[in-house]
Amino acid sequence: MKYGDCFIELVVDIENIKKGIQRIKILDPNYIYRIENNLGILTDFLQEIPIQTDSTIFGKIGTSTMQRVVTPLDKNQIVHFRMFTSDPTYYPYGKSIAAAARSIYKSLKMMEDAMLIYRLTRAPERRIFYIDTGNLPASKAQMYLEEQKSKFKKEKYFNRATGEIDARFNPISQDEDFFVAVNGKGSGTKIDTLKGAENLGEVDDVKYFRDKLLATLKIPKDYIVEKDQSPERKANLSQLDVKFARVIVRVQQCIQIGLETIAKRHLLVKGFPALSVSKLKIKLPEPSDMSTKRQLDIDEQKARVVQAVKGLNIFPLAIVTGK
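The rules behind the values
- Residues numbered from 1 in each chain as written.
- Predicted model: local features only at pLDDT ≥ 70, side-chain atom pairs only at ≥ 80, totals over all residues.
- Heavy atoms only, no water.
- Helix = DSSP H or I, 4+ residues; strand = E, 2+ residues; numbered from the N terminus.
- Buried < 20%, exposed > 50% of the residue type's maximum accessible area, 1.4 Å probe, protein only.
- Contact = heavy atoms within 4.5 Å.
- Areas by Shrake-Rupley, 256 points an atom, 1.4 Å probe, with all protein chains shown as cover.
- Core = buried A, V, L, I, M, F, W, Y, C linked by side-chain atoms within 4.5 Å.
- Phe/Tyr/Trp six-rings, centres within 6.5 Å; stacked < 30°, edge-to-face > 60°.

Chemist: What's the story with the overall build of the protein chain in this structure? I'm lost.
Modeler: Tallying secondary structure elements over the protein chain gives seven helices and eleven strands in all. Scored against the burial criterion, the 323 residues of the protein chain give a buried share of 22%. Contacts in the protein chain between residues far apart in sequence, at least 24 positions, make up 59% of those at least 6 positions apart. When the accessible area of the protein chain is evaluated, it comes to approximately 23900 Å², of which 57% is carbon and sulfur surface.

Put into C-alpha cells, the structure is as follows:
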C-alpha cells in the first residue's frame, strides 16, 4: 500500500527441492528493478546492492562514496505484488494508494504546525507595564525603564555554593511583557493585561485538508470523525461500508494474483501436475458483510423475476437432449 510494490523472494532448499518453498523474504522495493522486453513480457529482475566505501585522499579518510553492485535475479525467484494503474509514469511498477495524497499530506502537516505555533505564541496572556518616569529626561527615563525591567525579570534561585538566595536574569520571558515609559501628571505606574488569542478553537482550515486527505485515500470521513450516535448515522455508515468495500476489493484483486503465484510455484516445485496447478484459485474473504448481503438480495430478486416470467408461460422452455 505504501509503495504500490512488494517484491518477495521465494527461498527453497537447494539440497531438497521437493520440500517446496521454505520461507519468503521481503525485499526493499527501492533497490529492485523489473526488466521487461519490447512486448511487455517479464524477463528478469535486478537487485541493486549499495556498498559504502571510504576514499583515501593524501593519507586521510575523505568523504565516503557509494559503489553500486547489480545482481540479476531469476523471474521465477521473485513474486511482484503491485497495484495496477494506467498511469504510464509508474509503469511497470505499481502506484501507491497514497501517491495522490502526498502533497495534501504536506499541506496538512504545515497547517498543523502553523496552528501549533500560533497557539504557543498567541495563547498566553501578556502584561503592559506603564512605568511613571516623572520629569526625567529621555535618556535617563530609558535607563530607569531598563532598571525596572531587569528588576521584574529577575528570577530567584538557591545558590548551593554560598547557601544563599540569589537573583539572576530570566531571558526566556523577555518577549512576553511590554514596558512603556509614561510621563505626565496623574498617569502613575500601572499594569494592564492583554488577553490571549480567543480564536483558538477555529480549526476549519485543518479540517479542510484532513477531509481532503481522507477523500483522496478513499476512506469515509465518518470512519475517522466521531459525530452523534444517531440511527441516521448508523444507516449512513452501512452505506459507506458497502462503498468502501469496493475499494478494498480492488486492492484484494492485486493481492490475490501474488498469492496464487506463490501457491502455484510451491506446488510445481513439489511435483504436482501443471494442469491441476493451473486451475488453482485463491479468493480472499469479503471485506464487508453488508456488501455480501446486498449481493445476496440482488440474486434473490433476480431468481424471483425468473420464476415470475416462467409462470406466465410466454416463453417456451428449452429442452436439451444429449446422446
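Anyway, onward from the coordinates.
Chemist: Explain the nonpolar core here, please?
Modeler: Grouped burial of nonpolar side chains is what soluble globular proteins tend to show. Judged by nonpolar contacts, Phe 7, Leu 27, Ile 32, Leu 42, Phe 45, Leu 73 and Ile 78 together constitute the single largest core of seven residues. Once you skip the residues sitting within four places of it in the chain, Ile 32 turns out to touch Phe 7, Leu 27, Phe 45, Leu 46, Gln 47 and Tyr 93.

Chemist: I would appreciate a short explanation of unusual backbone geometry in the present structure.
Modeler: Outside of glycine, negative phi angles account for most residues, and trans bonds account for most peptide bonds. Here the amide bond leading from Tyr 91 into Pro 92 is cis, since omega sits at 5°, within 30 degrees of zero. In the Ramachandran plot, Lys 218 falls in the positive-phi region, its phi being about 65° despite a non-glycine side chain. Note on placement: Lys 218 falls in the loop between helix H3 (204-216) and helix H4 (221-224).

Chemist: Just checking my understanding: could you explain the packing of aromatic side chains for this structure?
Modeler: Any aromatic ring pair is given by two values, namely how distant the centres are and how the planes are angled relative to each other. Counting across every chain of the model gives two aromatic pairs. For the pair Phe 7 and Phe 45, a centre-to-centre distance of 5.9 Å together with 80° between the ring planes defines the contact as edge-to-face. Of this pair, Phe 7 sits in strand S1 (residues 5-12) while Phe 45 is found in strand S4 (residues 42-57), placing the two residues 38 residues apart along the sequence. Grouping residues by exposure puts Phe 7 and Phe 45 together as buried. Both rings, one in Tyr 208 and one in Phe 209, keep their centres 5.2 Å apart while their planes meet at 75°; by these two values the pair is edge-to-face.

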